[in-house]
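Descriptive structure summary
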2 protein chains.
Amino acid sequence: MTDEELGAVTSIVDVATSSGSYPVHISAGLLDELPRLLVEYSGATRFAIIADDHVALLYGERIGAACLEAGLDVTVLTFPAGEASKNRKSWSILTDEMLEAGLGRDCCVVGVGGGVTTDLAGFVAATYLRGVPVIQVPTSYLAMIDASVGGKTGVDVRAGKNLVGAFHPPAAVLADPEVLGTLPQEERAQGLVEAFKHGTILDAGHFEHLIDVLPRLLDAEPEVAAQAVLTSVQIKAAVVGRDEFEGGYRQVLNFGHTLGHAIEAASGYTMGHGSAIALGMLGEADIGERLGVTDAGTRDTLQAALSAFLALDGSTIDAGEASGFLSADKKVRAGRSRYVLVERVGTVSEGEQWTHDVPDALALEALRRVLAGS
Amino acid sequence: MTDEELGAVTSIVDVATSSGSYPVHISAGLLDELPRLLVEYSGATRFAIIADDHVALLYGERIGAACLEAGLDVTVLTFPAGEASKNRKSWSILTDEMLEAGLGRDCCVVGVGGGVTTDLAGFVAATYLRGVPVIQVPTSYLAMIDASVGGKTGVDVRAGKNLVGAFHPPAAVLADPEVLGTLPQEERAQGLVEAFKHGTILDAGHFEHLIDVLPRLLDAEPEVAAQAVLTSVQIKAAVVGRDEFEGGYRQVLNFGHTLGHAIEAASGYTMGHGSAIALGMLGEADIGERLGVTDAGTRDTLQAALSAFLALDGSTIDAGEASGFLSADKKVRAGRSRYVLVERVGTVSEGEQWTHDVPDALALEALRRVLAGS
């Protein structure tokens, strides 16, 4: 694909839900049109913009000024940056601040930031006066590709991540790839893992394209980023359009996440989310190969692609400890320990309702191997 | 209606929602069938029974023993009785306790109690692992007639009651009028106000019947109570089936509540909810009569019916202070101060989308009159 072709990317993907559909609007420079789009997509007359203090510094003034100039009634609410803020306390404070500002049922929440912000702002919107609309303005690869699409909202609690929340589809998602340039390089790399996951389960062409343009994606070239985000959003939209509430098919998006979440937890959340999911993908490819579900060499293909931009070092993590988190997860999932497996890059295995039964011993072995890099 | 006819009351009302429908099962002695019905209506394999400590003492052992005998996997969680417990803290504690018990997506929450419990348990279910089913087992008139039907769940916050919550329709509502016998007489009287409200807006026959059987309702004769609850549930089900999310028609259920909530708040919540709503109904009838919307004498009819079982004394409440709460409420409602009015007992006024614009001065006058009993 030439740069000229890429230059034309200004795309809207519709995501179907049980109560209608919402647009994911992807376009470089979109942020400048934000006031018009907020009104158009929400029909609201007042807006609560929720951002962490970092993003507020970067974009708060720009967005706030543009909204005020356009005559919008806007309140900007911030919280401390970081996953540690994605909790019930931040949710309570934000909700109280909105009530103090006198925001009514005619308001719209706008989440501007990464996955922490879109999850938190979404949960605020889901529960404010029994639900008001939310428009998500993702500013990271992870949020554009994954967090802001699909309607999952929530907070972390002591027992684990995302265990309290609600399904609350946004009124719209507005992604401007130009903002990716302000992300730290490491965060871009972490977020791109989800794009590779989308390619791995459902689109070999996407997987290959990501490898081809990797340096430009890591540099956040807006048009290249827009194209990659678009394809990933199309893949995710097709999945959640088919199964909104994770009853069946939507589980395919969990590829790499069963082992990945256990690895992330065993690291005490010091390991990046993307790195943990990447190791999880390798582990679940390893499992698949040993069960004869996944073509031999698939784990190597994933490893080559992912290690090109991420340090995949699990050597400090104890496989037994990670395995303990698998058991806790299994309990919450009603005693089921089932894995999404792929046949090869681009083709998820149908299995039994898109998952496979995997003996605990085999999962532990896979954890040992990928954590040791063997 | 003779006792023999009443003896036949074992009724199921279906409430339509955007995502299907749920049954409200009303029958004396229903509690004995609870284990079977919980499984039948939820399809769950594990249950979290949520009750306040009073109700847990009264019914916890009976329900718990019956469920265990039936082989159900049941966890009983309690919280301190009273409206003060309907807050985010109780919600957090209950959610954490469920996570500690390892309850997964296959669980079902069961709310056993009055309106505080069904609202709180409903909000726990709405947000636990992004939503699990809830079965409501109301034990008060208010919860049977109103709180457990319609899908509204939530908690109170500093800024006001029910300002944080979600729409989360139950999987089923199981109402056993036999338990009403253990309610304090005063609480029965408070709850019956909502039944009179249903009659006032939509069913003059129901209103008359309530007057006819009032002593037996106050004594909680199971079959008489079952009939009254049934009619009220039918009325409410018809309303919320037509407008689930309170966009239009559902507002008719707010008759008496605009002034009533302001009166309740101005009393510092020392006045019973039913008494406050009763005074609100009188006030809104007064407004309607002065606007020429409501037939002359309607306020007197309501006053005669309601004062037969409730002390309607608002003399300690300052009308100006109550009016201040109206303004706060108006702010949250996007600057709209609109009232549901009736033409006469049994007939709500269509107005403009079921509400009327009422000048603040007229509302203040009505507050002054009903609080002074003049």
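To keep things clear, this report deals only with the structure shown in the data block. It should be emphasised that the depicted structure is a prediction, and the values quoted were computed from it without experimental measurement. (Residues numbered from 1 in each chain as written. Chains lettered and ligands numbered in written order. Predicted model: local features only at pLDDT ≥ 70, side-chain atom pairs only at ≥ 80, totals over all residues. Heavy atoms only, no water.)

1. Focus on the overall build of chain A
- What chain A contains, in helices and strands, is 15 helices and 13 strands.
- Rg of the C-alpha trace for chain A: 20 Å, near the compact-globule value of 21 Å for 374 residues, within the 12% margin.
- Across the 374 residues of chain A, 61% fall into the buried class.
- Here the analysis covers contacts within chain A between residues at least 6 apart in sequence; of these, 75% occur between residues at least 24 apart.
- Surface summary for chain A: the accessible area is close to 13700 Å², and the carbon and sulfur share equals 50%. (Helix = DSSP H or I, 4+ residues; strand = E, 2+ residues; numbered from the N terminus. Rg over C-alpha atoms; globule rule 2.2 N^0.38 Å. Buried < 20%, exposed > 50% of the residue type's maximum accessible area, 1.4 Å probe, protein only. Contact = heavy atoms within 4.5 Å. Areas by Shrake-Rupley, 256 points an atom, 1.4 Å probe, with all protein chains shown as cover.)

2. Notes on the packing of helix 12 (residues 273-291) of chain A against helix 13 (residues 298-307) of chain A
All names here are of chain A.
- Running from amino to carboxyl end, helix 12 crosses helix 13 at an angle of 165 degrees, the nearest separation of the two axes being 8 Å. Classified by the angle between their axes, helix 12 and helix 13 sit roughly antiparallel to one another. As for the relative orientation of helix 12 and helix 13, their crossing is left-handed in sense. Taken together, the residues of helix 13 that come into contact with helix 12 (itself represented by Ala278, Met281, Leu282, Ala285, Asp286 and Glu289) are Thr298, Arg299, Leu302, Gln303 and Leu306.
- Partitioning the contact of helix 12 with helix 13 into residue classes produces six nonpolar, two polar and three charged. (Axes fitted to C-alpha atoms, helices over the stretch in contact; angles between N-to-C directions. Parallel < 35°, antiparallel > 145°, perpendicular 65-115°, else oblique. Left-handed = near helix turned anticlockwise from the far one by under 90°. Nonpolar A, V, L, I, M, F, W, Y, C, P; charged D, E, K, R; others polar.)

3. Some words on the packing of aromatic side chains
- In this structure the tally under the stated criterion is 13 aromatic pairs over all chains.
- Between A:Trp91 and B:Trp91, the ring centres sit 4.9 Å apart and the planes meet at 40 degrees, which makes this aromatic pair tilted. Pair noted here: A:Trp91 is in helix 4 (residues 88-100) and B:Trp91 is in helix 4 (residues 88-100), and the two residues belong to different chains.
- Residue A:Trp91 is classed as buried on the basis of its relative accessible area, which comes to 0%.
- Seen in terms of ring centroids, A:Phe196 and A:Phe207 are 5.5 Å apart; in terms of plane orientation they differ by 90 degrees. Their pairing is edge-to-face. Pair noted here: A:Phe196 is in helix 7 (residues 185-202) and A:Phe207 is in helix 8 (residues 204-212), with a separation of eleven residues, a long-range link. (Phe/Tyr/Trp six-rings, centres within 6.5 Å; stacked < 30°, edge-to-face > 60°.)

4. Concerning the packing of helix 7 of chain A against helix 8 of chain A
Residues and elements named next belong to chain A.
- Contact pair helix 7 / helix 8: the axes reach a minimum separation of 6 Å and the direction vectors enclose 145 degrees. Contacts between helix 7 and helix 8 involve Ala195, Phe196, His198, Gly199, Thr200 and Leu202 from the first element and Ala204, His206, Phe207, Leu210 and Ile211 from the second.
- Tallied by class, residues from the contact of helix 7 with helix 8 come to seven nonpolar, four polar and no charged.

5. Here we look at the pattern of salt bridges
- Under the defined criterion, the tally for this structure stands at 42 salt bridges over all chains.
- Among the salt bridges present, the one from A:Lys236 reaches A:Asp146, with a minimum N-O distance of 2.8 Å. In this pair, A:Lys236 is assigned in helix 10 (residues 222-242) and A:Asp146 in helix 6 (residues 141-147), connecting sequence segments 90 residues apart.
- A:Lys236 sits in the buried class, given a relative accessible area of 5%.
- Residue A:Asp146 is classed as buried on the basis of its relative accessible area, which comes to 17%.
- Measuring nitrogen to oxygen at the nearest pair gives 3.0 Å for the salt bridge that ties B:Lys161 to B:Glu264. Of this pair, B:Lys161 sits in strand 8 (residues 160-167) while B:Glu264 is found in helix 11 (residues 257-266), placing the two residues 103 residues apart along the sequence.
- For B:Glu264, a relative accessible area of 3% puts it in the buried group. (Salt bridge = Lys/Arg side-chain N within 4 Å of Asp/Glu carboxyl O.)

6. So, the relation of the copies chain B and chain A
- Mapping chain B onto chain A calls for a screw motion: a turn of 180 degrees about the axis and a shift of 0.0 Å along it, with 0.0 Å RMSD after fitting. Expressed as an axis order, the relation between the two copies is that of a two-fold axis. (Least-squares fit on C-alpha atoms with pLDDT ≥ 70 in both.)

7. Quick word on the environment of B:Ser148
Residues and elements named next belong to chain B.
- Here Ser148 is to be found in the loop between helix 6 (141-147) and strand 7 (152-157).
- On a C-alpha basis, the gap between Ser148 and Thr182 in space is 19 Å, while along the polypeptide they are 34 residues apart.
- The residues contacting Ser148, other than those within four sequence positions of it, are Thr118, Gln136, Pro138, Ala143, Pro170 and Val173.
- Among the polar contacts listed, one links the side chain of Ser148 to the backbone oxygen of Ala143, at a separation of 2.7 Å. (Polar contact = N/O pair within 3.5 Å; in protein donor to acceptor, adjacent residues only side chain to side chain.)

8. Structural notes on the side chain of A:Thr231
Residues and elements named next belong to chain A.
- Within the element layout of this structure, Thr231 appears in helix 10.
- Its relative accessible area of 14% is what places Thr231 among the buried residues.
- Not counting residues up to four positions away in its chain, the partners in contact with Thr231 are Asp203 and His206.

9. Examining the interface of chain B and chain A
- With 35 residues of chain B in contact, the opposing surface of chain A contributes 35 residues.
- Here chain B and chain A share an interface that buries about 2900 Å² over both sides, 54% of which is from carbon and sulfur atoms.
- Linking chain B with chain A are four salt bridges, by the criterion used here.
- Between A:Arg88 and B:Asp96 there is a salt bridge whose closest N-O contact spans 2.9 Å.
- When contributions to the side of chain B that touches chain A are tallied by element, the ones reaching two or more residues are helix 4, helix 5 (115-127), strand 7, strand 8 and helix 14 (319-332) of chain B. (Buried area = accessible area lost by both parts, 1.4 Å probe.)

10. Let's talk about the sheet that holds strand 5 (residues 107-113) of chain A
Residue and element names in this part refer to chain A.
- Judged by pairing direction, the sheet is mixed, and its seven strands sit side by side in the order 1-2-9-6-5-3-4 without closing on themselves. The open sheet has two edge strands with one neighbour each: strand 1 (10-17) and strand 4 (73-79). Each adjacent strand pair in this sheet contributes to an overall mean axis angle of 20 degrees, direction not counted.
- Sitting on the sheet, helix 4 is in contact with strand 3 (46-52), strand 4 and strand 5, with an inclination near 155 degrees to strand 4. (Pairing = 2+ DSSP bridges.)

11. Considerations on the sheet that holds strand 6 (residues 134-138) of chain B
All names here are of chain B.
- A sheet is described by the order of its strands in space; here seven strands give the open sequence 1-2-9-6-5-3-4, paired in mixed fashion. Two strands bound the open sheet, and with one partner strand each, they are strand 1 (10-17) and strand 4 (73-79). Mean inter-strand twist for the sheet, computed between neighbouring axes without regard to direction, equals 20 degrees.
- Sheet topology places strand 3 (residues 46-52) next to strand 4; seven bridges connect them, and they run parallel. Along strand 4, the bridge assignment pairs Phe47 with Val74.
- Sitting on the sheet, helix 5 is in contact with strand 3, strand 4, strand 5 (107-113) and strand 6, with an inclination near 165 degrees to strand 5.

12. Regarding unusual backbone geometry
- A positive phi angle, near 60 degrees, is found at A:Ala220, a position not held by glycine.
- Tracing the backbone shows A:Ala220 in the loop between helix 9 (214-218) and helix 10.

13. With respect to the pairing of strand 3 of chain A
Residues and elements named next belong to chain A.
- For strand 3, a buried count of seven out of seven residues is recorded, marking the element as mostly surrounded by other parts of the structure.
- Across the two faces of strand 3 the burial is the same, with Arg46, Ala48, Ile50 and Asp52 and Phe47, Ile49 and Ala51 all buried.
- In terms of handedness, the path from strand 3 via helix 3 (residues 53-69) over to strand 4 forms a crossover that is right-handed.
- Relative to strand 5, strand 3 is paired through five bridges, and the arrangement is parallel. Among the inter-strand pairings, Ala48 is bridged to a residue of strand 5, identified as Val109. (Right-handed = clockwise from strand over helix to strand, strands pointing away.)

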